[in-house]
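# Analysis of the macromolecular model
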Amino acid sequence: MKILVINAGSSSLKYQLINMEDESVIAKGNCDRIGIDGHIKHTTFDGRTVDTDCKFPTHTEAFEKLVEVLTTGDASVLSSMSEISAVGHRIVQGAEIFNKTTLVTDEVIQQIDDLSELAPVHNHPHALALRACKKVIPETTPQVAVFDTAFHQTMPEKAYMFGMPYECYEKFHVRKYGFHGTSHRFVTQALADAMGRDIKDLKIVSCHLGNGSSITAVEGGKSIDTSMGFTPLDGVIMGTRSGCVDASAVTFVASKLGLSPSEMSDYLNKRSGFLGISGISSDNRDITAAANDGDRRAQLVGEMLRYEIKKYIGSYAAIMNGLDAVLFTGGIGENSDDLRADVCRNMEYLGIKMNEKVNEGMRGKLCKISAPDSKVEVWVVPTNEELLIARDTKELVENM
Ligand code: AMP
């Protein structure tokens, strides 16, 4: 069975074609600059490539090009699109409507589009891509939607409600939704498998740390709290996002700078975080290099990030009445050994003891990095959201 996984943005369409027999990637790539001009970069499992400028006025032309490179030319991997059993789409916001992976119908596409108000950057482009895909892919090929928010729909009311007037929830659907759910679900299950334990018996803090970061308390395989909130702005400090800020500071700064709500949203989402504090970069590698060169504000970014992660681990251990494992994933979590060591230092009271030697230099590999006698295990678990989307899609179409 071959599954095509699509991750569509407003100007891009990332894809992976996965062979479900051995879960290997047959081809992957990105149709970029949609609505601007257009470019496709396509690579096959055996190293054949297409790297060319195109015309992508809309997502439809990008899908047409994708079909063309998959089925014709030097880098083709399919004789026809009918070889694909299903298409799985990553969808950011499913709100309270979608608490699980769902077969795409016209009504579902409309519901995803209607949720755009809650995820303006993501959901409308997802709907455009779903409609374009329907036009281009054979009608008999099922399309499946996998939601970033679905995993967090198990959070209890006391965790997802904000202390604002209840009408904010009733009328405007303002609550914590949480994001990165596909990643948290994938890595916590992969961790349970690696530990040889049933996930139902585990209390895990899952730290997905990348350009966007979120930390989730997973008890018995279910998300019970998470650091991102109504939007992916909340939680720990991120590349360009502020993370958690007192809402009064937001209204105060908006009035001082004369910013409209949408300008203030840009200020917090695009000009804050690592970039806003350091004034140097949103990228962790640049920040680390500047910090090592003695830049005080870059050092401060690192200190804030480590401190905030530590606080989440402690508070999530408290709400779960204990902890079996902490895992690190995402670009920073998988690669930054010094951050992992700093976060887990002085956590003996919680039962965390690192194996500093194993941790040092460990990058992007599934690996236990805690000491053999650590009560709480600490792991690096590489994430693979595309694979989870493909697995979910396979399961759903097999049970149709
Ligand atoms: P992601 O959004 O998961 O792709 O993660 C992107 C972040 O991971 C960026 O801030 C990168 O600087 C960071 N990152 C990637 N590779 C490394 C590395 N080798 N060491 C430290 N940080 C890294």
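Preceding this paragraph is the structure being described.
Bear in mind that the values here come from a model prediction, so they are computed numbers and not experimental data.

### Thoughts on the site of the ligand
Around the ligand, a shell composed of Gly210, Asn211, Asp283, Asn284, Arg285, Gly330, Gly331, Ile332, Asn335 and Arg363 is seen. Within the backbone of Asn211, one N or O atom sits 2.9 Å away from an oxygen atom of the ligand. Within the contact set of the ligand, an oxygen atom lies 2.4 Å away from a side-chain nitrogen or oxygen of Asp283. Burial of the ligand by the surrounding chains reaches 71%, relative to a free accessible area of 500 Å². Of all the secondary structure elements, the ones that give two or more residues to the shell around the ligand are helix H10 (284–292) and helix H12 (330–335). Ranked by residues supplied to the shell around the ligand, first place goes to H12 with 4 residues. Residue composition of the shell around the ligand, grouped by class: 1 nonpolar, 6 polar and 3 charged.

### Looking at the sheet that holds strand E13 (residues 367–368)
The strand order across the open sheet built from 6 strands is E11-E10-E9-E12-E14-E13, with neighbouring strands paired in mixed fashion. Two strands bound the open sheet, and with one partner strand each, they are strand E11 (222–226) and E13. Where strand E10 (residues 213–219) meets E11, 4 bridges bridge the pair, whose relative direction is antiparallel. Paired with Val218 across the bridge in E11 is Ser223.

### Focus on the sheet that holds strand E5 (residues 49–53)
Sheet strands associate in pairs through backbone hydrogen bonding, adopting either a parallel or an antiparallel arrangement. Pairing is mixed across the open sheet formed by 8 strands, whose spatial order is E5-E4-E3-E2-E1-E6-E8-E7. Each of the sheet's edge strands pairs with one partner strand only, and the pair in question is E5 and strand E7 (102–103). Across 5 bridges, the pairing between strand E6 (residues 84–91) and strand E8 (residues 143–147) is parallel. The residue bridging His89 from the neighbouring strand is Ala145, located in E8. Of the strands in this sheet, strand E1 (2–8), strand E2 (13–19), strand E3 (24–32), strand E4 (39–44), E5 and E6 touch helix H1 (residues 59–71), which is tilted by about 35 degrees from E2. Against the sheet, helix H15 (residues 385–398) contacts E1, E2, E6, E7 and E8, and its axis sits at roughly 125 degrees relative to E6.

### A look at the side chain of Ser223
Inspection of the secondary structure puts Ser223 in strand E11. When its relative accessible area of 0% is taken as the criterion, Ser223 is described as buried. Of note is the side chain of Ser223, whose polar atom sits 2.8 Å from the side chain of His152. Apart from residues no more than four positions distant in its own chain, Ser223 is found in contact with Phe151, His152, Thr154, Met155, Thr216, Ala217 and Val218.

### Considerations on helix H3 (residues 123–136)
For the α-helix, the turn length of 3.6 residues means that residues three or four positions removed from each other point alike. Given a rise of 1.5 Å per residue, 14 residues ought to cover 20 Å, and the 20 Å separating the end C-alpha atoms of H3 matches this to within 8%. Along H3, the residues classified as buried are Asn123, Pro125, His126, Ala127, Ala129, Leu130, Ala132 and Cys133. The inward-facing, buried residues of H3 abut E1, H1, E6, helix H2 (106–114) and E8.

### Let's talk about the pattern of salt bridges
Summed over all chains, the structure comprises 22 salt bridges. The salt bridge partner of Asp37 is Arg33, with a shortest N-O separation of 2.6 Å. Residue classification places Asp37 among the partly exposed positions, given a relative accessible area of 36%. Residue classification places Arg33 among the partly exposed residues on the basis of a relative accessible area of 37%. Among the ionic pairs, Arg306 bridges to Asp342, the shortest N-O distance being 2.7 Å.

About the thresholds
Residues numbered from 1 in each chain as written. Predicted model: local features only at pLDDT ≥ 70, side-chain atom pairs only at ≥ 80, totals over all residues. Heavy atoms only, no water. Near = heavy atom within 4 Å. Polar contact = N/O pair within 3.5 Å; in protein donor to acceptor, adjacent residues only side chain to side chain. Areas by Shrake-Rupley, 256 points an atom, 1.4 Å probe, with all protein chains shown as cover. Helix = DSSP H or I, 4+ residues; strand = E, 2+ residues; numbered from the N terminus. Nonpolar A, V, L, I, M, F, W, Y, C, P; charged D, E, K, R; others polar. Pairing = 2+ DSSP bridges. Contact = heavy atoms within 4.5 Å. Axes fitted to C-alpha atoms, helices over the stretch in contact; angles between N-to-C directions. Buried < 20%, exposed > 50% of the residue type's maximum accessible area, 1.4 Å probe, protein only. Expected span 1.5 Å × (residues − 1). Salt bridge = Lys/Arg side-chain N within 4 Å of Asp/Glu carboxyl O.

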